[in-house]
Amino acid sequence: MAKQSIANLNLNLLTPLTPEIMSRQATINIGTIGHVAHGKSTVVKCLSGIDTGKFGREKQQNRTIHLGYANAKIFECDNAECPRPQRYRATGSNASDQFPCDRPGCVGQFHLLRHISFVDCPGHETFMAAMLNGAAIMDAALMVIAANEFCPQPQTYEHLAAVNIMNLKSILILQNKIDLVGQVKAEEQCEQIKSFIKDTNAKYAPIIPISAQLNCNMDSVCDFIVRKIPIPIRDFTSKPKMTIIRSFDVNKPGTDADDLKGGIAGGSIIQGVLKVNQTIEIRPGLIFKDNTGQLQCSPIKSKIISLYAEKNTLEFAVPGGLIGVGTKIDPTLTRADRLVGQVLGEAGSLSRIYIEITAKYSLLKRVVGVQSDSSNRSTKINKLSENEVLLINIGSLSTGGRVLRVKSDLVKIQLTKPVCADINEKLALSRRIDGHSRLIGWGEIQTGKEIEPQMDM
Ligand SMILES: Nc1nc2c(ncn2[C@@H]2O[C@H](COP(=O)(O)OP(=O)(O)OP(=O)(O)O)[C@@H](O)[C@H]2O)c(=O)[nH]1
């Protein structure tokens, strides 16, 4: 694996394909989206070798509850005679960057072309908020559709609406479980898929038949990822900013004693470069009520003591993938995902903290993601009304929000949790309908009422 050196780092020359970076960390985020049990996690496992965290309750119920993450490297054989798609191969993230082609008789070498981070979304309707948080960091999506069911199923519809809102156009469709149907059924379903996507962001998406369970045609998936998913344009030179997706207080046996003392924040860098030894701030930080019952916050200041991407240690980390940031923060503040939804960056450079936001918003025409999609009357979305409580997703934050005022295309919302956000940042609006949180619209922050941060922690 290529060595990293901060001393030789020229930010102006970096790209997501710079060998020194791509060797150790994923630089493109690809979401797996689609209906429950259509095979999203199996696709990710097949490409990365990683079971994306179906733990405890998830394993018992055989369904994903949280976002799962797994990195994969994609290689191409350098022998011009090696045919497509067999000339492409995916491995786990800690593979070396070059190795001999394993196609019988081929004398070529596989070379690293892409390092991908898969953001594996839960397909069950109950976990839509997690899916929306994942959508906020995706550069592209694999929409997994099981070949043995009618298309579209409710969350196929809802997930596509969510990535439409994020304006994500780079989508590949994987027609999975092809082993369960004959050719006629597969072709029939392919027509259903084409008619479903024709007026959506996925209208130009290629449809790739696969069986993730049997590792069948997965080299085609690699081929399409390389040829059809554009390299994201990243900002390496602005002050670093990371949206926190996980936080924990894991003790790593056998590591440096200092490493055992601090909490860890995991997230995706939106812009800039984080470096070991850098002084950082986390906003809003510690959230509490003052003696008048008002919400207040104290940003957390600390220093980066380690950086890693899965098992690869880093000297510096750039946008893309899930980055673990080891800090000296009191582990009780990072335990059990306490910092999820917050923003980490260079001290003094982060955005303002809002407790009320005014957003320019649009509503979907009707509720997607319910079985009764075809009966328009029951799924029509009613206008926003004052005092109603919505679920708001901003970056990796999911919070409640009470509607204070609605005027033409503007809505003023009081948030249950403060958010560190930028003006013009996107948000998703969901409403509780029939006991489930349903995506109903989206917006962009225009202004807000700030909280003045209290003394730093
Ligand atoms: N026959 C067959 N079964 C498959 C295939 N891919 C996945 N499965 C099975 O389908 C079931 C669901 O697969 P998962 O990968 O957990 O589905 P998922 O979409 O990640 O599920 P959620 O995250 O809970 O929405 C499992 O029992 C898999 O073994 C396939 O290609 N063929």
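Worth saying up front: this structure is predicted, and the values here are computed from it rather than measured.

What counts, and at which threshold
- Residues numbered from 1 in each chain as written.
- Predicted model: local features only at pLDDT ≥ 70, side-chain atom pairs only at ≥ 80, totals over all residues.
- Domains from an automatic or database assignment.
- Helix = DSSP H or I, 4+ residues; strand = E, 2+ residues; numbered from the N terminus.
- Nonpolar A, V, L, I, M, F, W, Y, C, P; charged D, E, K, R; others polar.
- Buried ≥ 20, exposed ≤ 12 C-beta atoms within 10 Å, placed from the backbone.
- Pairing = 2+ DSSP bridges.
- Axes fitted to C-alpha atoms, helices over the stretch in contact; angles between N-to-C directions.
- Contact = placed C-beta atoms within 7 Å.
- Left-handed = near helix turned anticlockwise from the far one by under 90°.
- Core = buried A, V, L, I, M, F, W, Y, C linked by C-beta atoms within 7 Å.

**Comments concerning the domain arrangement of the protein**
Here comes step 1: Annotation of the protein at the domain level lists domain 1 (18–228), domain 2 (241–346) and domain 3 (353–450).
Here comes step 2: The C-alpha-based centres of domain 1 and domain 3 are spaced at 29 Å.
Here comes step 3: Counting only elements with at least two residues in the side of domain 1 that touches domain 3, the list comes to helix H4 (128–135) and helix H5 (154–165).
Here comes step 4: In terms of residues, the side of domain 1 that touches domain 3 owes the most to one element, H5, which gives seven residues.
Here comes step 5: Across the side of domain 1 that touches domain 3, the residue classes break down as 10 nonpolar, three polar and two charged.

**A few points about the environment of Lys383**
Here comes step 1: Of note, Lys383 is situated in the loop between helix H9 (376–379) and strand S19 (389–394).
Here comes step 2: Judged by C-beta crowding, with 7 C-beta atoms within 10 Å, Lys383 ranks as exposed.
Here comes step 3: In the structure, Lys383 is positioned 182 residues away from Asn201 in sequence and 25 Å away in space, judged by C-alpha atoms.

**Points about helix H2 (residues 40–48)**
Here comes step 1: Burial of H2 is extensive: nine of the nine residues sit out of reach of the surface.
Here comes step 2: Of all the residues in H2, the buried ones are Lys40, Ser41, Thr42, Val43, Val44, Lys45, Cys46, Leu47 and Ser48.
Here comes step 3: Following H2 by one or two positions, Gly49 adopts a phi angle in the positive range, close to 80 degrees.

**Quick look at unusual backbone geometry**
Here comes step 1: At the junction of Arg84 and Pro85, the peptide bond is cis and its omega measures out at -5 degrees in the coordinates.
Here comes step 2: Along the polypeptide, Pro85 turns up in the loop between strand S2 (68–77) and strand S3 (88–92).
Here comes step 3: The phi dihedral of Ala37 is positive, around 65 degrees, even though this residue is not glycine.
Here comes step 4: The residue Ala37 is located in the loop between strand S1 (28–33) and H2 in this model.
Here comes step 5: Among the residues examined, Ala37 registers 18 C-beta atoms within 10 Å and is labelled partly exposed.

**Some remarks on the pairing of S1**
Here comes step 1: Across the six residues of S1, six count as buried, placing the element largely inside the fold.
Here comes step 2: Every second residue of S1 is oriented toward a common face, with Ile28, Ile30 and Thr32 on one face and Asn29, Gly31 and Ile33 on the other, all of them buried.
Here comes step 3: Where S1 lies against strand S5 (residues 109–120), five bridges are found, and the strand directions are parallel. Pairing of Ile28 across the sheet is with Ile116, part of S5.
Here comes step 4: Two strands pair when backbone bridges link them, and S1 and strand S6 (residues 140–146) are joined in this way by four bridges, in the parallel orientation. Counterpart to Ile33 in the pairing with S6 is Met143.

**Quick look at the sheet that holds S19**
Here comes step 1: What the six strands build is a closed barrel, ordered S18-S21-S20-S19-S22-S23; its pairing is antiparallel. Neighbour to neighbour, the strand axes of the sheet diverge by 45 degrees on average, direction disregarded.
Here comes step 2: The pairing of strand S18 (residues 353–363) with strand S23 (residues 436–450) spans nine bridges and is classified as antiparallel. If you follow Leu363 over to S23, its bridge partner there is Gly441.
Here comes step 3: Across the sheet, H4 lies against S19, strand S20 (397–407), strand S22 (426–433) and S23, angled at about 30 degrees from S19, the strand it touches most.
Here comes step 4: The strands touched by H5 within the sheet are S22 and S23, with S23 carrying the most contacts at an inclination of about 20 degrees.

**Some points on the environment of Tyr69**
Here comes step 1: Its place among the elements puts Tyr69 in strand S2.
Here comes step 2: According to the C-beta neighbour criterion, Tyr69 is buried, with 24 such atoms within 10 Å.
Here comes step 3: Tyr69 has contacts with Thr52, Ser117, Phe118, Val119 and Leu322, leaving out every residue within four places of it along the chain.

**Things to note about the pairing of S19**
Here comes step 1: Counting buried positions over the six residues of S19 gives five, a clear majority of the element.
Here comes step 2: The loop that links S19 with its antiparallel partner S20 comprises two residues; one of these, Gly395, has a positive phi angle of about 55 degrees.
Here comes step 3: Across three bridges, S19 lies against S22 in antiparallel orientation. When the sheet's bridge partners are listed, Ile392 is paired in S22 with Leu429.

**Topic: the packing of H4 against H5**
Here comes step 1: Running from amino to carboxyl end, H4 crosses H5 at an angle of 35 degrees, the nearest separation of the two axes being 10 Å. Both H4 and H5 take part in a crossing whose hand is right-handed. Contact residues: Met128, Met131, Leu132 and Ala135 in H4; Glu158, His159, Ala162 and Val163 in H5.
Here comes step 2: In terms of residue class, the contact of H4 with H5 is built from six nonpolar, one polar and one charged.

**Focus on the nonpolar core**
Here comes step 1: Ala141, Met143, Ala162, Ile173, Leu274 and Ala317 are the most contacted members of the largest nonpolar core, which has 119 residues in total.
Here comes step 2: Looking at which element gives the most residues to this core, the answer is S6, with seven residues.
Here comes step 3: If sequence neighbours within four positions are ignored, Ala317 has contacts with Gln25, Ile269, Val273, Leu274, Leu307, Ala309 and Ile323.

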